[in-house]
Amino acid sequence: MRIGAIEAGGTKFVCGVGNEEGIIEDRVSFPTEQPEQTTKNVIAYFQDKGVEAIGVGSFGPIDLDPTSPLYGYVTTTPKPGWANYPLLSTLKEAFDVPFGWDTDVNAAAFGEATWGAAKGLDSCVYYTIGTGVGVGVYTEGKMVHGLVHPEGGHVLTRRHPEDDFAGVCPYHGDCLEGMAAGPALEKRWKVKGSELTVDHPAWTIEAFYIGQAVASAILMLSPKKIILGGGVMHQEQLFPMIRAEVKKNLNGYVSAKAILEDIDSYIVSPGLGDNAGLCGALALGLAAAQGK
Ligand code: ADP
Ligand code: ZN
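Residues numbered from 1 in each chain as written. Chains lettered and ligands numbered in written order. Predicted model: local features only at pLDDT ≥ 70, side-chain atom pairs only at ≥ 80, totals over all residues. Heavy atoms only, no water.

The protein chain carries the name fructokinase in an unreviewed UniProt entry, which gives Paenibacillus mendelii as its organism. Here the protein chain is described in UniProt, under the heading Sequence similarities (unreviewed entry), as follows: "Belongs to the ROK (NagC/XylR) family." UniProt, in its Catalytic activity (unreviewed entry) section for the protein chain, records the words "D-fructose + ATP = D-fructose 6-phosphate + ADP + H(+)". (UniProt positions renumbered as here; feature names shortened; annotations may be inferred.)

Below, the structure is given as structure tokens:
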């Protein structure tokens, strides 16, 4: 089976073709421009690919409610040109195949549960910590939509006692994204995150915020795996620091072996690596092809 996958990001779009084993056979990437130009590029890519279904994992907020007149739209984004853009229907007009549609991070969680670090589990939470912070929630074998869809990047966190940084979220200032996404690191320390040394105090503060959010996710959702991806999580020294923060915050209250004895395999990096998003879109496409 040939399935199309679209990881529709705010910075770049990645399109690919893969199969039911989660193997990506071909891929392209282009910067996210105005929506008309961007969808033109997507359509041109898939024109001769002969895919049987297409999955789209999109940046948001997006409308996931099939009964809504705005279903398939990118809704209230500040990204120029993209607010209230009918992304899904534009693609559906070009290709008469079943489509899967979800947030980029729900897709990544689903991809990880299908082929990656949460394979065989019926729940996981996927964080991307990059240009923004996004959280995908997969539970009881389904991606959580609810009222809109989870927006766990914007949860409020307690301030680190030595941190007086105001935060960069235009809505909340010092929410998780405002304090811990790549642009927050860069604004706080005046250099790009990738240029901070591994022993820089930045990572103590970074782990402090992420650890709080992850502890809250565990308390709220009781997921069987937590997966931390995105550009900032390329800083591998963060993993043990975040695990320690999570343990400190939970303080033994959640009596699960996975947390108390084996947290190294509970809070992990994406099994699909930097392919988590695209493989997630592929998993959505595959589910659509199977009529799920
Ligand atoms: P996006 O979120 O746009 O899809 P990424 O997940 O690659 O893309 O995240 C990009 C952000 O991550 C940027 O703010 C960048 O500065 C930051 N970043 C990328 N690589 C690293 C790294 N090795 N260490 C720290 N921060 C990084
Ligand atoms: Zn926010």
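From this point on, the discussion continues.
Caption draft 1: Here's a closer look at the sheet that holds strand β1 (residues 3-8). In space, the 5 strands of this open sheet follow the order β3-β2-β1-β4-β5, with mixed pairing throughout. Edge positions in the open sheet fall to β3 (24-31) and β5 (99-103), since each of these has one partner strand only. Pairwise comparison of adjacent strand axes, ignoring direction, gives a mean angle of 15° for this sheet. Note that β1 and strand β4 (residues 53-58) share 6 bridges and pair parallel. When the sheet's bridge partners are listed, Ile 6 is paired in β4 with Val 56. Together, β4 and β5 form the strand contacts of helix α3 (residues 104-115), whose direction differs from that of β5 by roughly 110°. Packing of helix α9 (residues 276-289) onto the sheet brings it into contact with β1, β2 (12-18), β3, β4 and β5, and relative to β1 it is tilted by some 135°. (Pairing = 2+ DSSP bridges. Helix = DSSP H or I, 4+ residues; strand = E, 2+ residues; numbered from the N terminus. Axes fitted to C-alpha atoms, helices over the stretch in contact; angles between N-to-C directions. Contact = heavy atoms within 4.5 Å.)

Caption draft 2: Region of the structure containing the packing of α3 against α9. At a closest axis distance of 7 Å, the pairing of α3 and α9 adopts a crossing angle of 80°. Between α3 and α9, the crossing angle belongs to the class labelled roughly perpendicular. For the pair formed by α3 and α9, the contact residues are Ala 107, Ala 108, Phe 110, Gly 111, Glu 112, Thr 114 and Trp 115 on the first element and Ala 276, Gly 277, Cys 279, Gly 280, Ala 281, Leu 282, Ala 283, Leu 284, Leu 286 and Ala 287 on the second. Per-class residue counts for the contact of α3 with α9 are 12 nonpolar, 4 polar and 1 charged. (Parallel < 35°, antiparallel > 145°, perpendicular 65-115°, else oblique. Nonpolar A, V, L, I, M, F, W, Y, C, P; charged D, E, K, R; others polar.)

Caption draft 3: Broad picture of the sheet that holds strand β9 (residues 226-229). The 5 strands are arranged β8-β7-β6-β9-β10 in an open sheet whose pairing can be described as mixed. Here the strands that pair on one side only, and so sit at the sheet edges, are β8 (142-143) and β10 (267-268). In terms of strand pairing, strand β6 (residues 124-129) meets β9 through 4 bridges, oriented parallel. Bridging across to β9, Tyr 127 finds its partner in Leu 228. Along the sheet, α3 makes contact with β6, β7 (133-139), β8 and β9, crossing β7 at roughly 50°.

Caption draft 4: Molecular detail of the coordination of the zinc ion (ligand 2). With distances of 2.1 to 2.3 Å, the protein atoms coordinating the zinc ion (ligand 2) are His 154 (ND1), Cys 169 (SG), His 172 (ND1) and Cys 175 (SG). Each of the 4 donor atoms bound to the zinc ion (ligand 2) contributes to angles spanning 103 to 120°, and the resulting shape is tetrahedral. For the zinc ion (ligand 2), the donor residues sit on a single chain with the sequence spacing H-x14-C-x2-H-x2-C. With a gap of 21 residues between them, His 154 in the loop between β8 and α4 (176-180) and Cys 175 in the loop between β8 and α4 connect regions that are remote in the sequence. (Donors = N, O, S within 2.8 Å, 3.2 Å for Na, K, Ca; no water. Tetrahedral: all angles 85-135°; square planar, octahedral: opposite > 155°, others 65-115°.)

Caption draft 5: Summary view of the site of ligand 1. Within the structure, ligand 1 sits among Thr 11, Gly 130, Thr 131, Gly 182, Pro 183, Gly 193, Ser 194, Gly 230, Gly 231, Val 232, His 234 and Gln 235. In the model, an oxygen atom of ligand 1 is placed 2.8 Å from a nitrogen or oxygen of the Gly 231 main chain. Gln 235 places a polar side-chain atom, nitrogen or oxygen, 2.8 Å from a nitrogen atom of ligand 1. Protein contact buries 67% of the 560 Å² of open area that ligand 1 shows by itself. Grouping the constituent residues of the shell around ligand 1 by class yields 2 nonpolar, 10 polar and no charged. (Near = heavy atom within 4 Å. Polar contact = N/O pair within 3.5 Å; in protein donor to acceptor, adjacent residues only side chain to side chain. Areas by Shrake-Rupley, 256 points an atom, 1.4 Å probe, with all protein chains shown as cover.)

Caption draft 6: A look at the domain arrangement of the protein chain. For the protein chain, the domain assignment lists domain 1 (3-104 + 274-289) and domain 2 (117-269). Summarising the inter-unit geometry, the C-alpha centres of domain 1 and domain 2 are found 26 Å apart. Of the residues lining the interface, 10 residues belong to domain 1; the matching set on domain 2 comes to 9 residues. Of the roughly 710 Å² buried at the junction of domain 1 and domain 2 (both faces included), carbon and sulfur atoms supply 54%. Together, Leu 64, Asp 102 and Asp 274 form the three largest contributors to the area buried by domain 1 at its contact with domain 2, with a combined 42%. Inspection of the region where domain 1 meets domain 2 yields 0 salt bridges. Viewed at the interface, domain 2 and domain 1 are joined by 3 residue pairs in polar contact (both at pLDDT 80 or more). Broken down by secondary-structure element, the contributors of at least two residues to the side of domain 1 that touches domain 2 are β5 and α9. (Domains from an automatic or database assignment. Buried area = accessible area lost by both parts, 1.4 Å probe. Salt bridge = Lys/Arg side-chain N within 4 Å of Asp/Glu carboxyl O.)

Caption draft 7: Structural detail: the side chain of Thr 39. Turning to its location among the elements, Thr 39 is positioned in helix α1 (residues 35-46). Judged by its relative accessible area of 3%, Thr 39 is buried. Beyond its immediate chain neighbours, meaning those up to four positions away, Thr 39 contacts Tyr 85, Leu 87, Thr 90 and Leu 91. (Buried < 20%, exposed > 50% of the residue type's maximum accessible area, 1.4 Å probe, protein only.)

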